[in-house]
Structure formats: structure tokens, C-alpha cells
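Descriptive analysis of the structure
One letter stands for each residue in the lines below.
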Amino acid sequence: RILVHFLFHTNQTGLMEQSLPDNLYIILQVPIFLLLVFNMVVLVSNFLMIEVKTEEKKFNSIFHMAPYAAIITNSQDSKVIESNDEMLRLLEYSRKELIGNTLLSLGTWVDPSLRATLLERLKATGSVSGLELKFRTKSGKIVPVLFSASILQLEGKEHIVSTMKDISEIH
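The structure reproduced in this document is the subject of the present report. (Residues numbered from 1 in each chain as written. Predicted model: local features only at pLDDT ≥ 70, side-chain atom pairs only at ≥ 80, totals over all residues. Heavy atoms only, no water.)

1. Quick word on the packing of aromatic side chains
Here the structure, examined in full by the defined rule, presents three aromatic pairs. For the pair Trp-109 and Phe-135, a centre-to-centre distance of 4.7 Å together with 55° between the ring planes defines the contact as tilted. Remark: Phe-135 occurs in strand 3 (residues 127-136) and Trp-109 occurs in the loop between helix 4 (95-98) and helix 5 (112-125); sequence separation between them is 26 residues. Connected via pairs of aromatic rings, a cluster forms that spans Trp-109, Phe-135 and Phe-147. (Phe/Tyr/Trp six-rings, centres within 6.5 Å; stacked < 30°, edge-to-face > 60°. Helix = DSSP H or I, 4+ residues; strand = E, 2+ residues; numbered from the N terminus.)

2. Some words on a nonpolar patch on the surface
A surface patch of nonpolar side chains, about 400 Å² in accessible area, is lined by Val-30, Phe-33, Leu-34, Val-37 and Val-41. Looking at where Val-30 falls in the secondary structure, it is placed in helix 2 (residues 20-65). Owing to a relative accessible area of 32%, Val-30 belongs among the partly exposed residues under this scheme. (Patch = residues over 30% accessible without salt bridge, like charges linked within 9 Å, V, L, I, M, F, W, Y side chains within 5 Å. Areas by Shrake-Rupley, 256 points an atom, 1.4 Å probe, with all protein chains shown as cover. Salt bridge = Lys/Arg side-chain N within 4 Å of Asp/Glu carboxyl O. Buried < 20%, exposed > 50% of the residue type's maximum accessible area, 1.4 Å probe, protein only.)

3. Things to note about the sheet that holds strand 4 (residues 142-154)
With antiparallel pairing, the five strands of this open sheet are ordered in space as 2-1-5-4-3. At either end of the open sheet lies a strand with only one pairing partner, and these are strand 2 (80-83) and strand 3. Geometrically, the sheet is characterised by an average inter-axis angle of 30° between neighbouring strands, direction not taken into account. Relative to strand 4, strand 3 is paired through eight bridges, and the arrangement is antiparallel. Looking at the pairing, Leu-131 lines up with Phe-147 of strand 4. Contacts from helix 5 reach strand 3, strand 4 and strand 5 (157-166) within the one sheet, and its direction differs from that of strand 3 by about 165°. (Pairing = 2+ DSSP bridges. Axes fitted to C-alpha atoms, helices over the stretch in contact; angles between N-to-C directions. Contact = heavy atoms within 4.5 Å.)

4. So, the nonpolar core
Core analysis: the biggest nonpolar cluster contains 23 residues, and Leu-103, Phe-135, Phe-147 and Met-164 have the highest contact counts within it. Elements supplying a minimum of two residues to this core: strand 1 (69-74), helix 3 (85-91), helix 5, strand 3, strand 4 and strand 5. Sequence-distant contacts of Leu-103, that is, excluding residues within four places in its chain, are made with Ile-71, Val-80, Leu-91, Leu-98, Thr-108, Trp-109, Phe-135 and Met-164. (Core = buried A, V, L, I, M, F, W, Y, C linked by side-chain atoms within 4.5 Å.)

5. Examining unusual backbone geometry
Look at Glu-92: it is not a glycine, yet its phi comes out positive at around 65°. Among the structural elements, Glu-92 can be located in the loop between helix 3 and helix 4.

6. Re the pattern of salt bridges
Using the criterion set out here, one finds four salt bridges in the structure. Residue Asp-85 pairs with Arg-95 through a salt bridge whose shortest N-O separation is 2.7 Å. With a gap of ten residues between them, Asp-85 in helix 3 and Arg-95 in helix 4 connect regions that are remote in the sequence. For Arg-95, a relative accessible area of 31% puts it in the partly exposed group. With its nearest N and O atoms 2.4 Å apart, the salt bridge here joins Glu-97 to Lys-138. Within this pair, whereas Glu-97 is found in helix 4, its partner Lys-138 is found in the loop between strand 3 and strand 4, the two being separated by 41 residues in sequence. Residue Lys-138 is classed as partly exposed on the basis of its relative accessible area of 43%. Salt bridges linked by common partners bring Glu-82, Asp-85 and Arg-95 together as one network.

Purely geometric numbers; function is a separate question.
Written as C-alpha cells, this is what we have:
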């Protein structure tokens, strides 16, 4: 009751004791106040959406323009959900061939048992970096890479972001 008196500038008498114009004034102020609150919520929501879109654009730009091959897989089933062009070039697969499949099912892991060990280590520590691994391309060529990965939460689900750098020239 005190809040109503404060927000709508009524006197301390009850609504029944006030004049009809005073009561109409109060009745009209309530929807206007609610409309203002609603508009503020919408404004803040729009601002936050713009912020999220900006951050998403930054991430996509960094991910797709990185000089390293990069891939995002679903932690549960290891299916590829995103890949940059450098990864497609390295493994010799098209985006359509890669997205929705696992690197294991495509036969890119030269040593599948190493993959299981790597996943255990990744889940225990949250990230791995600087590992020398070998991957098989679509054409069957074995490529040595410097491999790093970390666990990332995207849309409330756990994913793995992996990067690889071809180190064939070093070998």
C-alpha cells in the first residue's frame, strides 16, 4: 500500500475516500507504469542479444580465420558440429562429409587407442596441448600434427574444440 502511494503519488487516504478523478488517475498510471517496465525489459533484452551476436561474430571470425586447423565436436557422441576451412584442407574432406560424422568413423585416427587415452586425459584436466599425433587424410596420406584440445560449453552442452597444425615439414 505504501508502494502504491509512493509510485502513484496518492495521499494516505484509501481509494474509496478519494475523488473519482483521483482514482481514474491512479488506474491509468498502473498500466502506463507496467508498460514502461515491460519496455525496459525488452530494451535490456535487445541490448543483451546484440552483445551475444557480437561475441558470436568474434568467435566465428577467429575460428574460421585461424591459421590452425580447428574443429568442434560434441562431447557425448564425438560428432563434428563445426570445422574451419584449414581443417577441411588438412583432412581433405568437404564440410558436408565432415559435419555430422566422427573423425573415428571417417578413419582419420591412425591410432584409435590413443584417441581413447586422449579423451580420458581431456575429461580429467579440461585441456591438452602440444601433442604430436598422426592423422590419416581422405586420400590415405598420414599427416603428423601438433594437436591441442579443450572442453567448451556451448548452448549448455559440453563440446570439444580441437586444433591441429601440420608439422610435416619439421619431420
